Amino acid sequence: MSREFDVVVVGAGPAGYAAAIRSAQLGMSTACVDKSVQKNGEPTLGGTCLNWGCIPSKALLDATHHYAILRDLGDMGIEVDGCRMDIPKMIARKDAVVRQLTSGITVLFKANGVKHLPGTGTLLGDGRVRVVEHDGKFRELRASNMVLATGSTPIELPSVPMDGQHIVDSTGALEFQAAPKRLGVIGAGIIGLELGSVWGRLGSEVVVLEALSELLPAADERVGRDAKRIFKRQGLDIRLGATVIGAAVDNGEVTVTYAVGDKEDRLVVDKLIVGVGRKPLTRDLFTPEAGIGLDERGFVSVDQNCRTSASGVFAVGDVVRGPMLAHKGAEEGIMAVERIAGHKPVVNYHAIPSVIYTHPEIAWVGKTEQELRSDGVPYRSSVFQFGASGRALAANDTSGFVKVLAHEKTDRIIGVHILGPSASELISAGVIAMEFEGSAEDLALTMFAHPTLSEAVHEAALGIAGNAIHMVNRKKS
Ligand code: NAD
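Since this is a predicted model, take the numbers as computed values, not measurements. (Residues numbered from 1 in each chain as written. Predicted model: local features only at pLDDT ≥ 70, side-chain atom pairs only at ≥ 80, totals over all residues. Heavy atoms only, no water.)

A. The domain arrangement of the protein chain, seen in detail. If you check the domain split of the protein chain, you get domain 1 (2-154 + 279-340), domain 2 (167-276) and domain 3 (354-464). Here the C-alpha centroids of domain 1 and domain 3 sit 31 Å apart. Taken together, the contact pairs 7 residues of domain 1 with 6 residues of domain 3. Buried area between domain 1 and domain 3, both sides added, is near 510 Å², and the carbon and sulfur share of it is 62%. Broken down residue by residue, the surface that domain 1 buries against domain 3 is led by K58, H65 and M76, which jointly contribute 56%. Where domain 1 packs against domain 3, one counts 0 salt bridges. In this assembly, domain 1 and domain 3 are joined by 0 residue pairs in polar contact (both at pLDDT 80 or more). Tallied by class, the residues present in the side of domain 1 that touches domain 3 amount to 3 nonpolar, 1 polar and 3 charged. (Domains from an automatic or database assignment. Contact = heavy atoms within 4.5 Å. Buried area = accessible area lost by both parts, 1.4 Å probe. Salt bridge = Lys/Arg side-chain N within 4 Å of Asp/Glu carboxyl O. Polar contact = N/O pair within 3.5 Å; in protein donor to acceptor, adjacent residues only side chain to side chain. Nonpolar A, V, L, I, M, F, W, Y, C, P; charged D, E, K, R; others polar.)

Structure below.
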């Protein structure tokens, strides 16, 4: 059977479902093909983010954060006796949150008139897509335009074979029914730090093995340095310069072998999480006749507007270059279908926020101080500590700072870096300022509610010109 659509989207993660909904809103007949199934075998929408990534990990991070801070409430006069964690209940709630959100996408598809086609989509060329359903039946669709949004999959280390029980990836680490006594994590990236935090808060002794010699090299150098100190205080044993070379399960224990310089060391744990990055998912996505090219790293090749080398075919999200972030993919998906509809939007790749949902949270947008130095860009830097924020003190949550970086000559904001409470929310002020090409003075002249954490952004911006009120300014040059 062959059916015609204006747009067929392959993949229903944040990039694909946003593209499909927007496409239908623009009046184009739209189908979205996705092969994901839930634990019970039912098709599911929302991709990695909603089912096995951003959302379930946040459900566990939020639950365990509430549990962890109970120990620190004594200062506020709250004495907590007899509190205990019911981990199976926490996991069940996480699953309920996922179900609610994924079924919400089903509702949105219906309301907007997007046809959901469960199965694996493969581009055949000439505007044809084959969909192989879960029972093996297949159908062929014809579409004037296509959007590839198949996302990414965890990178596996061949010398660390995952068994789904003792050695797991990020998906497996969301399903533990008890906190392992000894937990190893390979990779101190976003996944390693978030999942290490979840299980560390529940009592696991966590050792994180990271091949690089510094923590979070993509973040501002001071963020990485301060975060390392704070995570250490929280009990995360982060070993830098430690490259894992193998792991084996024996008698219910995992022995991990790792190299530090030319020395070899071993770590014995009960569970091991592999969080060493993700790779684009292009398996079965197209036949050679489809005319799609891949770059040297295996991403679908696209131009700055996400057009592939095949006419009428766009690719968006984790399957193309750029940071693997849900919000970046969603913006690209929307841009792609708006371009199909004849509009001319662009994605601003200079103002993509990054967030790590540890506590304190880490968030940034734009350039880091070390990047500006190595690019030879003249800049001013201003830092405001949450320790001087009335609201942070009242909330007993004072770790971290806001750093604003502005061009020395134009005063244009070129980077905002936050380590601290609600950094994920506060970073929006920096993103908006950069999107509007604002200056530090623009932020400084903006009124922020008192008492709020966001005043830390205001003070850091004021500090660029030496005008901060609630900290001692550096001497004006
Ligand atoms: P990552 O690239 O952030 O970190 C992986 C780390 O593993 C790196 O620091 C790397 O040096 C280290 N590593 C690799 N091989 C190693 C080895 N053999 N021994 C020791 N260390 C090793 O990748 P990730 O944390 O797996 O996350 C994958 C992707 O998912 C990222 O692109 C991330 O942006 C995205 N993600 C985002 C969020 C969020 O936005 N909060 C959350 C989770 C994942």
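B. Inspection of helix α7 (residues 326-340) at higher detail. End to end, α7 covers 21 Å across 15 residues, agreeing with the expected 21 Å (1.5 Å per residue, within 8%). Residues K328, G329, A330, E332, G333, M335, A336, V337, E338, R339 and I340 constitute the buried set of α7. Once α7 finishes, G342 follows within two positions and takes phi at roughly 100°, a positive value. (Helix = DSSP H or I, 4+ residues; strand = E, 2+ residues; numbered from the N terminus. Expected span 1.5 Å × (residues − 1). Buried < 20%, exposed > 50% of the residue type's maximum accessible area, 1.4 Å probe, protein only.)

C. Spatial organisation of the pattern of salt bridges. Tallied over the entire structure, the rule returns 22 salt bridges. Taking the shortest distance from any N to any O, the salt bridge between K181 and E205 comes out at 3.2 Å. Of this pair, K181 sits in the loop between β8 (167-168) and β9 (182-186) while E205 is found in strand β10 (residues 205-210), placing the two residues 24 residues apart along the sequence. Classification of K181 by relative accessible area gives exposed; the value is 55%. Salt-bridge contacts for R373 lead to E221; the nearest nitrogen and oxygen are separated by 2.9 Å. Taken as a pair, R373 in helix α8 (residues 369-375) and E221 in helix α6 (residues 221-233) lie far apart in primary sequence, 152 residues in all. Taking the relative accessible area as the measure of exposure, R373 reaches 46% and is therefore partly exposed. Via salt bridges that share partners, K39, K94, D95 and E175 belong to a single interconnected network.

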